[in-house]
Amino acid sequence: VEYDIIVFDTAPTGHTLKALTAPDYLNTFLLRILRMKAKVENLKTMFLKKGDTSKLVDLLEDTIGMVDSLKKVLRNPNFVNVNIVSIATEAGFQECIKTVNFLNAQGFKIDNILINNIVPKFDDDTWSLASKNKAVALLKMEYDSQQGYISKYNDYCNSKSINLCGVSKLPF
């Protein structure tokens, strides 16, 4: 191994789940090919001389072995860390829970959930400007909305022994 760390910053949840479960689907596909090959060979021997397809079988079996090794590596918590990035909204929270449950069912351990774009808590003097300044009012409304979801994430992560991290929304 030439690298200390490799980061896969994946697409939204659906694509990520498909990518992480692709080895399972590939194995299923290869096993079907082997079963079909055996059925075809049995039919073929009724009409023709049986051909040597051992190289194909060996290749498929080797590929299945490699896919199984990949599945073990991906699920090894000493080698792979799974970190989910979400946002403090109802949709973000629900999607995050769905993803954690799916990945857990597939044998993946979730290490961290990171909540992105958290509105920082400003001082009372800043928030008091909300009645006169529409930008501050909008930011305060978003801050207030996020607090309930941050609490939900906190409770969920505590119940599942997942680390919870946050990144503040910044003006740049």
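Our subject is the structure listed above.
Rules used throughout
- Residues numbered from 1 in each chain as written.
- Predicted model: local features only at pLDDT ≥ 70, side-chain atom pairs only at ≥ 80, totals over all residues.
- Heavy atoms only, no water.
- Helix = DSSP H or I, 4+ residues; strand = E, 2+ residues; numbered from the N terminus.
- Buried < 20%, exposed > 50% of the residue type's maximum accessible area, 1.4 Å probe, protein only.
- Contact = heavy atoms within 4.5 Å.
- Areas by Shrake-Rupley, 256 points an atom, 1.4 Å probe, with all protein chains shown as cover.
- Pairing = 2+ DSSP bridges.
- Axes fitted to C-alpha atoms, helices over the stretch in contact; angles between N-to-C directions.
- Patch = residues over 30% accessible without salt bridge, like charges linked within 9 Å, V, L, I, M, F, W, Y side chains within 5 Å.
- Salt bridge = Lys/Arg side-chain N within 4 Å of Asp/Glu carboxyl O.
- Polar contact = N/O pair within 3.5 Å; in protein donor to acceptor, adjacent residues only side chain to side chain.
- Right-handed = clockwise from strand over helix to strand, strands pointing away.

Visitor: Can you explain the overall build of the protein? Please cite residues and give values.
Guide: Along the protein, the regular secondary structure elements total 5 helices and 3 strands. Listed by position from the N terminus, the elements making up the protein come as α-α-β-α-β-α-α-β. Evaluated residue by residue, the protein yields a buried proportion of 26% over its 172 residues. The contacts of the protein with a sequence gap of at least 6 include a subset with a gap of at least 24, amounting to 71%. Carbon and sulfur atoms provide 60% of the accessible area of the protein, an area that totals close to 12300 Å².

Visitor: Now, about the sheet that holds strand β3 (residues 163-168): what can you tell me, with residues and values included?
Guide: Spatial ordering of the open sheet is given by β1-β2-β3, a layout of 3 strands whose pairing is parallel. The outermost strands of the open sheet, each flanked by one partner alone, are β1 (82-87) and β3. On average, adjacent strands in this sheet sit at an angle of 25° to one another, irrespective of strand direction. Packed on one face of the sheet, helix α3 (residues 90-105) meets β1 and β2 (110-118) and runs near 160° to β1.

Visitor: Tell me about the environment of Y25, and please be specific about residues and values.
Guide: Checked against the element boundaries, Y25 lands in helix α1 (residues 13-47). We classify Y25 as exposed; its relative accessible area is 60%. Once the C-alpha coordinates of Y25 and V67 are considered, the two residues, 42 residues apart in sequence, prove to be 10.0 Å apart.

Visitor: Mind laying out a nonpolar patch on the surface, listing which residues take part and the relevant values?
Guide: A grouping of Y3, I6 and F8 is seen on the molecular surface, where their side chains present a nonpolar patch of about 420 Å² in accessible area. Examined against the element boundaries, Y3 turns out to sit in the segment before α1.

Visitor: Run through the side chain of D111, naming residues and quoting values.
Guide: Within the secondary structure layout, D111 lies in strand β2. A polar contact is formed between the side chain of D111 and the side chain of K109, at a distance of 3.0 Å. When neighbours within four sequence positions are excluded, D111 is seen to be in contact with V80, N81, V82, N83, I162 and N163.

Visitor: Can you explain the pairing of β1? Please cite residues and give values.
Guide: Here is the key point about a regular strand: its side chains alternate between the two faces of the sheet. Only one face of β1 is buried, namely the one carrying V82, I84 and S86, since none of N83, V85 and I87 on the opposite face is buried. Of the pairings in the sheet, the one linking β1 to β2 comprises 6 bridges and is parallel in character. Residue pairing across strands places V82 opposite I110, the latter belonging to β2. Viewed along the sheet, the connection from β1 through α3 into β2 turns out right-handed.

Visitor: Which residues make up the pattern of salt bridges, and what values do they have?
Guide: All told, the structure shown has 4 salt bridges when counted by the stated rule. Between D111 and K109 there is a salt bridge, with its nearest N and O atoms 3.0 Å apart. In this structure D111 comes out as buried when scored by relative accessible area, which is 12%. Measuring nitrogen to oxygen at the nearest pair gives 2.9 Å for the salt bridge that ties K169 to E142. On the criterion of sequence distance, the pair formed by K169 in the segment after β3 and E142 in helix α5 (residues 134-160) is long-range, its members being 27 residues apart.

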